[in-house]
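Residue-level structural notes
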Amino acid sequence: MAFSTEEEVARFGLFELDLKGGQLSRNGSPLRLAQQPLQLLAALVERPGEIVTREELRQRLWTSDVFVDFEHGLNKSMQKLREALGDSASSPRYIETIPRVGYRFIAPVRNVPIPPALNRDSPVKRPDSPPPMPAPAKRGWRWMAAAVAVVVLGAATAVYLWRRPGPRIVTYSQLTDFTNPVSTPALSSDGHMLAFIRGGSYFMSADEIYVKILPNGEAKRVTGDARIKYNLAFSPDGSQLAYTVLEGIGFSTYTVSVLGGDPHLLLSNAAGLSWLTPQQFLFSRIRSGLHMGVVTQAVNGGEAREQYYPPHERAMAHYSFASPDRKWALVVVMNGAGKEIWARCQLVPLDGHADSGVGAKAVGPEGECTSAGWSPDGRWMYFIAAVEGASHLWRQRFAGGNAEQITSGPAEEQGLAVEQDGRSVITSVGFQESAIWIHDPNGERSLSSEGEVAGMSRPSFRDGDKTLYYLLRHPPAGSGSELWRVAVDSGKSEAVFPGISMYAYDLSPDGKQVIYAAQARGEPSRVWLAPLDRSSSARAIGPPGAKEPYFGPAGKILFQLTEGAQNYIEQMNQDGSDRAKVLPEPTQGIQSISPGRKWLMAGIGGGDGPSAFPMIAAIPLDGGAPRRICENYCVPVWSSNGEYLFVPVEPRSEKDLGRSLVIPVGAGEALPPLPPGGIAPLADASVVPGSRSLDRADLVPGADADHFAYVKMSAHRNLYRISLP
């Protein structure tokens, strides 16, 4: 039965779609949704229960001149629409996918009539003189009493609505309009200059820094620095920009003129730097290993004082944001344990109680906090936090109270700069999409599927590179990642364990079992073992808190476990027995394992002192000393047959795919001689005889350098000014 478009509003479930106004609402609250997904939804709800073909949608929503982008545009619009509805392609409540044909709206749809007085196209007409009063009926007094009651009730309702606080109105004003993504906003102290990175990553980006004069100045590039960087901060006089660089054995802070030029080293072993006063810095420093905390120090190098260090030795306090009175700081912390990369923000007194943690407490929403800020009067704390997989703007009163969500919808926010008038913030707004692509001698092609390729584990080839396994997260946000596989030749994909959420996995060498890590909210991580053919149920093995599992040699299970404030690599039998440490010293995290199960890649080391930065090493599982792979931080990956080791030496950016060295490995996965201090950044192939360069940094190798897969990430983000309620 077709929906009557004359009624203007369609209602289904908790949602209402205003067809003329172009607005989707949930429980009466408007949702932000771009025009293309809105028009797609309108096309479907107008014909509930019917199949709307892809060709019909193309003719209605995409003009002929953009036909080449139709498939991508339709898939992306459907993804965003499902995110807004909280729907799933695998178990739909609203929109069913008819493979290779189109879509069908399967939920009941009701017409909602709009009173004529509210019709946007028909203004209310007021008569020149009041209409004649009808003659009183026999029981006219009862009619009059009812009318009086209605008037009284209406007046009472009006008073209630007038006194009740109205809905919080949030408005968006676009500040940049780039085709490539923009992130990491920072404001000068007078609010006249805006700095940002023209790249999609709010953390660890190899892209360049730009400065723009507000409100309408042209953005000017001020760096030509291909190193990985993050965190921008203006100097008190606004003449310099400070930013963090990953180099050598740790992090350093450099400055560059806001007019551009060469960067200059400001402070070594310093990250997330800002100025408390013209004479004092606030920044993060590594105490040992990767244990990073917040310190203050005079600009002349004196009066260094530790302010806060997270309890876990692997945790890293990357950013800190001082309150207007300089008595408190909001600290953004990278987790030392658990599946989440970031922890909740910490409110820390700037009084030097770093070791005892006196006064530090978690603030903001229950989620991953990635940025923070203060209102100019210090009464409000603001956060960018990912809650149930969606990153949005939140606030909380400094005096106490619950965190309140300010923004919502399918578009997400990253980075935060509070404006001087306290009425608005600047943040990067947009979305990110991902798809799996295959590269072989015949060229490149997409193996895309609806959802987001996610998880800590990289995709992996099996069955002679005929099958690719990966973690996929479907909308709604926060639904968790499932293990999927796709046939490389046909592109046919399927969920391996439908409905089972996990964040890391490994397949057994014989391809018959999978070991994976899962974590429910409020519970410790657990490791599960399951047959790949689903012939029996998965079973939990090992201790609570185990994570990053891998199949080791001789049927052993390798995993990481936190003990006290340290992480260790352990191994056990498949029934959980015979647990033992693989290394006596703590680890900074497992990266991967070689196909022959001879080498485990991990970050190890990091004793006392900031110079003891962990090294990325290949740990021999049959005994012997670890082998250092990189001079700096890197993520080496193995070819699917174990004959090559791929080592990234140049990072990917928006303009460059990066570069890797393809190093041949001897029989039995025998590593060739490597430079004693590891492979340096930007190294060419001559550093390891027989190697070659490959113009890509992030990839999933097949059997050789001509066969690989990669996750293509596309970010669409610009800077917006968001008004505060």
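**Looking at the sheet that holds strand β52 (residues 659-664)**
With respect to topology, four strands assemble into an open sheet ordered β50-β51-β52-β53, the strand pairing being antiparallel. Sheet topology places β50 (637-638) and β53 (692-694) at the edges, where each strand pairs with a single neighbour. Across six bridges, the pairing between strand β51 (residues 644-650) and β52 is antiparallel. In the sheet register, L645 faces β52, and the bridge partner there is I663.

**So, the packing of aromatic side chains**
This model, assessed by the stated rule, comprises 20 aromatic pairs. A centroid spacing of 6.4 Å and a plane angle of 40° characterise the contact between Y319 and W342, whose relative ring orientation is tilted. Taken together, the residues span a long stretch of sequence, with Y319 in strand β22 (residues 316-322) and W342 in the loop between β23 (328-334) and β24 (345-349) at a distance of 23 residues. Take Y319: its relative accessible area is 6%, and that puts it in the buried class. Assessed through its relative accessible area of 5%, W342 is described here as buried. A centroid spacing of 6.5 Å and a plane angle of 20° characterise the contact between W437 and Y710, whose relative ring orientation is stacked. One end of the pair, W437, is in strand β31 (residues 424-440); the other, Y710, is in strand β55 (residues 708-723), with 273 residues separating them in the sequence. For W437, a relative accessible area of 21% puts it in the partly exposed group. Under the relative-accessibility criterion, Y710 is labelled buried at 5%. Taken together through their ring pairs, the aromatic side chains of F203, Y230, F251, Y319, F321 and W342 make up a single cluster. Sitting over the face of the ring of Y568, K581 holds its NZ or CZ atom 4.8 Å from the ring centroid.

**Quick notes on the state of the cysteines**
Scanning the model with the defined rule gives two disulfides in all. Paired through a disulfide, C345 and C369 show a sulfur-sulfur distance of 2.1 Å. Where C345 bonds to C369 through sulfur, the torsion about that S-S bond is close to -60°, and the disulfide is left-handed. Residue C345 is found in strand β24, and its partner C369 is found in strand β26 (residues 368-374); the two are separated by 24 residues along the sequence. Given a relative accessible area of 0%, C345 falls into the buried group. The exposure class of C369 is buried, given its relative accessible area of 2%. Sulfur-sulfur distance for the disulfide between C630 and C634 comes to 1.7 Å. The chirality of the disulfide connecting C630 with C634 is right-handed, given an S-S dihedral of about 80°. Neither C630 nor C634 differs from the other in exposure class; each is buried.

**With respect to the nonpolar core**
Counting residues in each nonpolar core, the largest one holds 28 residues, and the members touching the most others are F12, L24, L41, L85, I95 and F105. With seven residues, helix α1 (residues 35-45) is the single largest residue contributor to this core. Discounting residues that sit within four places of it in the chain, L24 has contacts with F12, F15, E16, L17, S29, P30, L31, L33, L38, L41, A84 and L85. Of all hydrophobic cores here, the second largest spans 25 residues; its members include I286, V332, L347 and V363.

Thresholds applied
Residues numbered from 1 in each chain as written. Predicted model: local features only at pLDDT ≥ 70, side-chain atom pairs only at ≥ 80, totals over all residues. Heavy atoms only, no water. Pairing = 2+ DSSP bridges. Helix = DSSP H or I, 4+ residues; strand = E, 2+ residues; numbered from the N terminus. Phe/Tyr/Trp six-rings, centres within 6.5 Å; stacked < 30°, edge-to-face > 60°. Buried < 20%, exposed > 50% of the residue type's maximum accessible area, 1.4 Å probe, protein only. Lys NZ or Arg CZ within 6 Å of the ring centre and 35° of its normal. Disulfide = S-S within 2.5 Å. Core = buried A, V, L, I, M, F, W, Y, C linked by side-chain atoms within 4.5 Å. Contact = heavy atoms within 4.5 Å.

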